[in-house]
Amino acid sequence: MPVLKREQARDVGDPSGLPKLPVPPLQQTLDMYLKCMSHLIPEEQFKKTKPIVEKFGAPGGMGEFLQKKLLERSEHKANWVYDYWLEDMYLSNRLALPVNSSPVMVFPKQNFRSQSDTLRFAAHLISGVLEYKSLIDGRALPVDYARGQLAGTPLCMDQYNKVFTSYRLPGPKIDTLVAQKSTVMPEPEHIIVACKNQFFVLDAVINFRRLNEKDLYTQLERIRKMADIEEERLPPIGLLTSDGRTQWAEARSVLIKDSTNRDSLDMIERCLCLVCLDEPSGTELTDTNRALLMLHGGRTDKNGGNRWYDKPMQFVIGADGCCGVVCEHSPFEGIVLVQCSEYLLRYMRGSPSKLVRAASMSELPAPRRLRWKCSPDIQAFLTASADKLQRLVKNLDMNVNKFTGYGKEFIKKQKMSPDAYIQVALQFTFYRCHGRLVPTYESASIRRFQEGRVDNIRSSTPEALAFVKAMANSSKITDAEKMELLWTAIKAQTKYTILAITGMAIDNHLLGLREIAKELKLEKPELFSDTTYATSIHFILSTSQVPTTEEMFCCYGPVVPNGYGACYNPQTDHIIFCVSSFRESAETSSDLFVKTLEGCLKEMQDLCIKGNTEAKPTDSTEKMDGNTKVMKNGSKS
């Protein structure tokens, strides 16, 4: 993801000069859809699907009519798929945000010796946040340029505008992404500090002046003392935001009947971000445990209620040194999370903590505790939310593994793209664990286009299946033949990647055709009620490459109950894999997947060492410099 070329500054979010997202040719998408699914479903099912797809694409048929309507839509929209995609991917999803939707970035473990160390780190981090926000507001962020495939293309910067100004509002059937419009004279900016499940308002600007680090430290110290006053403690209202979206919307509609609650909600919904000062977790801070603590805060008696999941950025600072960011995903992709996180870690390393009292205010107004009026109805909602969070905590099966056998350097020496290679390794692993391949999601950035977000690289290609089957039948196939099949699989993965980043993949297009039919109140086309389509969007393997230049890693949960989340961070001599699944699924095991993955990576390395001399690629598109960079939870640029 984030090793991006940075060049001259351009207005953040200014789409001028960027093309509109194209609408792919209908027949191309339908042909590709059949190719993507032919080897993933039973033959009988494919025989039923093929005529359905052909009928949809027939001259004068429903497909042509919907394609025409999509083309018309693309003429008067900056991005024809954006609204459809946002609703489908996030806003209409009713699952709870923690684990199911919100990715996290896990920072290096900190060594806090005292409470003042923790607060000093928090004050330093808030200073960095305010600095980064001023770069965004001043339109001074350098524009991102793509690297790797089709390098040098400028990328849409629109997502950065939403980092500190948006909020996900729960709704009974669909959520709303609320984006505040910036004004010339913004109102005083504030941060919400969560401490011991209580919420406090920390004004970052007082009398039109930004607080310096010493003042921020003073205010954080006051907040800690206020949070310690037991008789003033209120119920952990933040737990409500960890519930399913419909349940939280219902609870919120009861909360806002009281004006005190309305005022508190308003302060949270308009804040820049949250800073969550967590209590020690009481667990050994392995990489896996730190990932779990970031994803859900631990149990409800730990830090599970010390969160507000609707806000895009929650910076978590644990007294035991477990730190990171929880990200509400609907406003922006992982690249923005990485860029912001890396800026903050560099800022904190490069600018010493400034706790001198420079031109400080003599008397700072005290931070304010947010008050809540809790009716018996609200108490009932809180009990239900706490129970569900406990179940989610118990259900999540996580394994963070640092594979040290080799890293991207070895893969590049084979003249292969590290991302394509790792994707093939994940297919190999899934096949070895489950004896089949399944629809796989790898996000691809379409930020080359106005308001571009992501499309999907379908990594479970027929070519990958041919390679993994050959590896499973070791005795019957020569190393040279296996090597040829590996090159073919990597070439297919690369080809699909280029289709995706240039707006020619199939998932957004099929979504657009489906949604425009719904918008026009037409009967659902058979293509979309066919079992194959449901299978095609049930992503049992959800993957992303999220490389970092700082010492940190990204992770997230599976997107379906019987699936895996597989996030990976390729470094020079090692690869960090974060594999998640649900314990309630009898089909999955994160530990088994990781153990198998290590073996598959080793077998692929042995094959390359033995076979690469015998089977060199002939097609130039197969010769990769390995620099395909990624933008989201891994979206490629």
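Computed from a predicted model, the values in this text were never measured in an experiment.

Q: Explain the overall build of the chain here, please?
A: If you tally the helices and strands in the chain, you get 19 helices and 20 strands. Compactness check: the chain gives a C-alpha radius of gyration of 25 Å against a globular reference of 26 Å for 637 residues, within 12% of the reference. Projecting the C-alpha coordinates of the chain onto the three principal axes gives extents of approximately 75 × 55 × 50 Å. In the chain, which comprises 637 residues, the proportion classed as buried is 61%. Long-range pairs, those at least 24 residues apart, make up 78% of the contacts in the chain between residues at least 6 apart in sequence. Accessible area for the chain stands at about 24400 Å²; split by element, carbon and sulfur atoms hold 53% of it. If you average the places of the 82 positive and of the 77 negative side-chain charges in the chain, the two averages end up 1 Å apart.

Q: Please clarify how the side chain of His-296 should be interpreted in this entry.
A: Turning to its location among the elements, His-296 is positioned in helix α9 (residues 287-296). On the basis of relative accessible area, His-296 is assigned to the buried category, the value being 4%. Non-local contacts of His-296, meaning those with residues more than four positions away in its chain, are made with Val-99, Gly-304, Tyr-309, Leu-389, Val-393 and Leu-396.

Q: What is the right way to read the packing of helix α4 (residues 82-91) against helix α16 (residues 507-519) from this model?
A: A packed helix pair is summarised by two numbers, namely the angle formed by the two axes and the spacing between the axes. Following both chains from N to C, one finds α4 and α16 inclined at 95°, their axes separated by 10 Å at the closest point. One finds that α4 runs roughly perpendicular with respect to α16. Residues Tyr-84, Trp-85 and Asp-88 of α4 touch α16, and the partners they reach there are Asn-508, Leu-511, Gly-512, Arg-514, Glu-515, Ile-516 and Glu-519. Of the residues that constitute the contact of α4 with α16, the class distribution is four nonpolar, two polar and four charged.

Q: Would you take a moment to explain the environment of Lys-173 for this structure?
A: With respect to the element layout, Lys-173 can be found in the loop between β4 (166-169) and β5 (176-179). Separated by 78 residues in the primary sequence, Lys-173 and Leu-95 have C-alpha atoms spaced 11 Å apart. The contact partners of Lys-173, leaving out residues within four places of it in the chain, are Ser-92 and Arg-94.

Q: Which parts of the structure should I look at to understand the UniProt feature "active site" (unreviewed entry) in the chain?
A: The sites that UniProt annotates as "active site" (unreviewed entry) are His-329. The residue His-329 is located in the loop between β12 (323-327) and α10 (334-350) in this model.

Q: What exactly am I supposed to notice about a nonpolar patch on the surface here?
A: On the surface, Met-62, Phe-65, Leu-520 and Leu-522 cluster together into a nonpolar patch covering about 300 Å² of accessible area. By secondary structure assignment, the location of Leu-522 is in the loop between α16 and α17 (526-529).

Q: Just to check I follow, could you spell out the packing of aromatic side chains for this structure?
A: Within a pair of aromatic rings, the relevant descriptors are the distance that separates the centres and the angle that separates the planes. One pass over the full model with this rule turns up 17 aromatic pairs. Measuring from centroid to centroid gives 5.6 Å for Trp-85 and Tyr-90, while their planes differ by 80°, and the two rings are edge-to-face. Taking relative accessible area as the criterion, Trp-85 reaches 4% and is therefore assigned buried. Where Tyr-568 meets Phe-577, the ring centres are 6.3 Å apart and the plane angle is 35°; that geometry is what we call tilted. The same class applies to Tyr-568 and to Phe-577, which are both buried. A connected cluster of aromatic rings, assembled from ring pairs, spans Phe-199, Trp-248, Trp-308 and Trp-372. In this structure, Arg-73 packs its charged tip against the face of Tyr-84, placed 3.8 Å from the ring centre.

Q: Which parts of the structure should I look at to understand the sheet that holds strand β19 (residues 564-570)?
A: Backbone hydrogen bonds hold the strands of a sheet together, and the pairing may be parallel or antiparallel. Spatial strand order, β14-β20-β19-β17-β15-β16: six strands in an open sheet with mixed pairing. A strand with exactly one partner marks an edge of an open sheet, and here the two such strands are β14 (396-403) and β16 (454-457). Averaged over neighbouring strand pairs, the angle between their axes works out to 25° when direction is ignored. As defined by bridge partners, β14 adjoins strand β20 (residues 575-582) across eight bridges and the pair is classed as antiparallel. Across the sheet, Leu-396 pairs through a bridge with Phe-582, a residue of β20. Running over the sheet, helix α15 (residues 479-501) touches β15 (440-445) and β16 and is turned about 165° from β16.

Q: Got a minute to help me understand the domain arrangement of the chain in this structure?
A: Interface size, as often reported, equals the accessible area lost upon joining of the parts. Partitioning the chain into structural domains gives domain 1 (100-397) and domain 2 (398-504 + 527-614). A separation of 32 Å is found between the C-alpha centroids of domain 1 and domain 2. Each partner contributes residues to the interface: domain 1 has 41 residues there, and domain 2 has 36 residues. Per-residue buried area on domain 1 facing domain 2 is highest for Gln-149, Asn-395 and Asp-397; these three make up 22% of the total on that side. Inspection of the region where domain 1 meets domain 2 yields four salt bridges. Linking Arg-447 and Asp-144 is a salt bridge whose minimum nitrogen-to-oxygen distance equals 2.8 Å. At the surface where domain 1 touches domain 2, the tally comes to 18 residue pairs in polar contact (both at pLDDT 80 or more). Of all the elements in the fold, those that place two or more residues in the side of domain 1 that touches domain 2 are β2 (104-106), α9, α10, α11 (376-395) and β14. Broken down by element, the residue count for the side of domain 1 that touches domain 2 peaks at seven residues, all from α10. Its residues placed into classes, the side of domain 1 that touches domain 2 shows 22 nonpolar, nine polar and ten charged.

Q: Can you help me understand the packing of helix α3 (residues 62-76) against α16 in this one?
A: One way to put it is that α3 packs onto α16 with a least axis distance of 9 Å and a crossing angle of 95°. Overall, the two elements α3 and α16 adopt an arrangement that is roughly perpendicular. Residue-level inspection shows Gly-63, Leu-66, Gln-67, Lys-69, Leu-70 and Arg-73 of α3 in contact with α16, the latter providing His-509, Gly-512, Leu-513, Ile-516, Ala-517 and Glu-519. Taken together, the residues of the contact of α3 with α16 break down into five nonpolar, four polar and three charged.

Q: What should I look at first to understand the confidence of the model for the chain in this one?
A: Reading fine detail from the predicted coordinates is not recommended where pLDDT is low. Averaged over the chain, the pLDDT score is 91; the fraction of residues at 70 or greater is 90%. Low confidence marks residues 1-15, where pLDDT is under 50. Its contacts with residues over four positions away, or in another chain, come to 70 contacts.

The rules behind these values
- Residues numbered from 1 in each chain as written.
- Predicted model: local features only at pLDDT ≥ 70, side-chain atom pairs only at ≥ 80, totals over all residues.
- Heavy atoms only, no water.
- Helix = DSSP H or I, 4+ residues; strand = E, 2+ residues; numbered from the N terminus.
- Rg over C-alpha atoms; globule rule 2.2 N^0.38 Å.
- Buried < 20%, exposed > 50% of the residue type's maximum accessible area, 1.4 Å probe, protein only.
- Contact = heavy atoms within 4.5 Å.
- Areas by Shrake-Rupley, 256 points an atom, 1.4 Å probe, with all protein chains shown as cover.
- Lys, Arg positive; Asp, Glu negative; His and termini not counted.
- Charge placed at Lys NZ, Arg CZ, Asp CG, Glu CD.
- Axes fitted to C-alpha atoms, helices over the stretch in contact; angles between N-to-C directions.
- Parallel < 35°, antiparallel > 145°, perpendicular 65-115°, else oblique.
- Nonpolar A, V, L, I, M, F, W, Y, C, P; charged D, E, K, R; others polar.
- UniProt positions renumbered as here; feature names shortened; annotations may be inferred.
- Patch = residues over 30% accessible without salt bridge, like charges linked within 9 Å, V, L, I, M, F, W, Y side chains within 5 Å.
- Salt bridge = Lys/Arg side-chain N within 4 Å of Asp/Glu carboxyl O.
- Phe/Tyr/Trp six-rings, centres within 6.5 Å; stacked < 30°, edge-to-face > 60°.
- Lys NZ or Arg CZ within 6 Å of the ring centre and 35° of its normal.
- Pairing = 2+ DSSP bridges.
- Domains from an automatic or database assignment.
- Buried area = accessible area lost by both parts, 1.4 Å probe.
- Polar contact = N/O pair within 3.5 Å; in protein donor to acceptor, adjacent residues only side chain to side chain.
- pLDDT = per-residue confidence, 0-100.

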